[in-house]
Amino acid sequence: MKEPSRQLLWERRSQTPLLLLAVAFAVAYAVPIVAPDARAQVHRACAYVEWVVWGAFAVDYLVRLALAADRRHFVRTHWLDLAAVVLPLVQPLRLLRLVATLMLVGRRARMAPQIQLTTYVAGAVVGLLMFGSLAVLSVERDAPDGNIKNLGDAVWWSFTTMTTVGYGDHSPTTGLGRVLAVGLMLSGIALLGVVTANIAAWFISRFERDDRADMLQLAAIRELQDEVRALRGEVARLGGTAAAAPGAGAGPVAAVTGPAAVPVADPPNAPAQREVTSPTP
């Protein structure tokens, strides 16, 4: 059995700590936005937590890059991690680490592909909904003409935007808010497509499994029919052989006891035959 690489071992050992750090980052990112009137110490503590988590993810990226067999391929396939490390301004994208960690866990879990995909989609929906709500609230709260002033409005707007419903009762008015809206729209369309494809694949797999079961049952029935035909033919052959045996022995008897052995009566005009005896002296 092939031993896992050092990079894979590192990812397995670090996924749980990184998941906890991602949750800590989400809380630290959300508290200043949800409670802008909190004390300065709370805001400062949240900022420290964000920087500590950012440093931990930066160290994780550098370690995985050093352990990767093909570093260029690693950079191309992990561009989001690189962007979040190099550009601290896009640290909210670190919320997507929750989805990435779910994917790492799901690849090693013994689940059906549809269940894995459902887990990934659910994690992506929760992460994007949370990120979109907090981001648009932080941008639109102080906008002069903005109508998203609290977390409830932000969550409602994010949900209607991701589902592409768009009632229009809440909408961003700033340029950055509209950029966030475009991102949520595209993400919602993609997630809806994934969910639809997942449901269709599940139904197709069920139909294919039922079809395979019907084909196996039909093949078994045809095999039984062939066996029954063979048995009938064997019974008919044995019955014909048994019936031919007595007929073959009756031939000579019929030749002896046939019409030649039947006595013939005298014609009616034939003279009667008398026994001639000599006279007695």
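Described in the following lines is the structure provided in the data block. Since the structure is predicted, the reported quantities are computational estimates derived from the model, not experimental observations.

## What to know about the pattern of salt bridges
And then number 1: By the definition in use, this model includes three salt bridges.
And then number 2: Between Arg 229 and Asp 226 there is a salt bridge, with its nearest N and O atoms 3.1 Å apart. Placement of the pair is Arg 229 and Asp 226 together in helix H8 (residues 175-249), with a separation of three residues, close to one helical turn.
And then number 3: Residue Arg 229 is classed as exposed on the basis of its relative accessible area of 52%.
And then number 4: With a relative accessible area of 46%, Asp 226 lands in the partly exposed category.
And then number 5: The partner of Arg 237 in a salt bridge is Glu 234, with the nearest N and O atoms 2.5 Å apart. With Arg 237 and Glu 234 both in helix H8 and three residues apart, the pair spans about one turn of that helix.

## Some details on the nonpolar core
And then number 1: Tyr 29, Val 136, Ile 148, Trp 157 and Leu 191 are the most contacted members of the largest nonpolar core, which has 24 residues in total.
And then number 2: Broken down by secondary-structure element, the contributors of at least two residues to this core are helix H1 (6-34), helix H2 (40-67), helix H6 (113-140), helix H7 (151-162) and H8.
And then number 3: Counting residues per element, this core draws most heavily on H6, which supplies eight residues.
And then number 4: Beyond its immediate stretch of four places on either side in the chain, Ile 148 contacts Val 136, Leu 137, Glu 140, Arg 141, Asp 153, Ala 154, Trp 157, His 170, Ser 171 and Pro 172.

Thresholds applied
Residues numbered from 1 in each chain as written. Predicted model: local features only at pLDDT ≥ 70, side-chain atom pairs only at ≥ 80, totals over all residues. Heavy atoms only, no water. Salt bridge = Lys/Arg side-chain N within 4 Å of Asp/Glu carboxyl O. Helix = DSSP H or I, 4+ residues; strand = E, 2+ residues; numbered from the N terminus. Buried < 20%, exposed > 50% of the residue type's maximum accessible area, 1.4 Å probe, protein only. Core = buried A, V, L, I, M, F, W, Y, C linked by side-chain atoms within 4.5 Å. Contact = heavy atoms within 4.5 Å.

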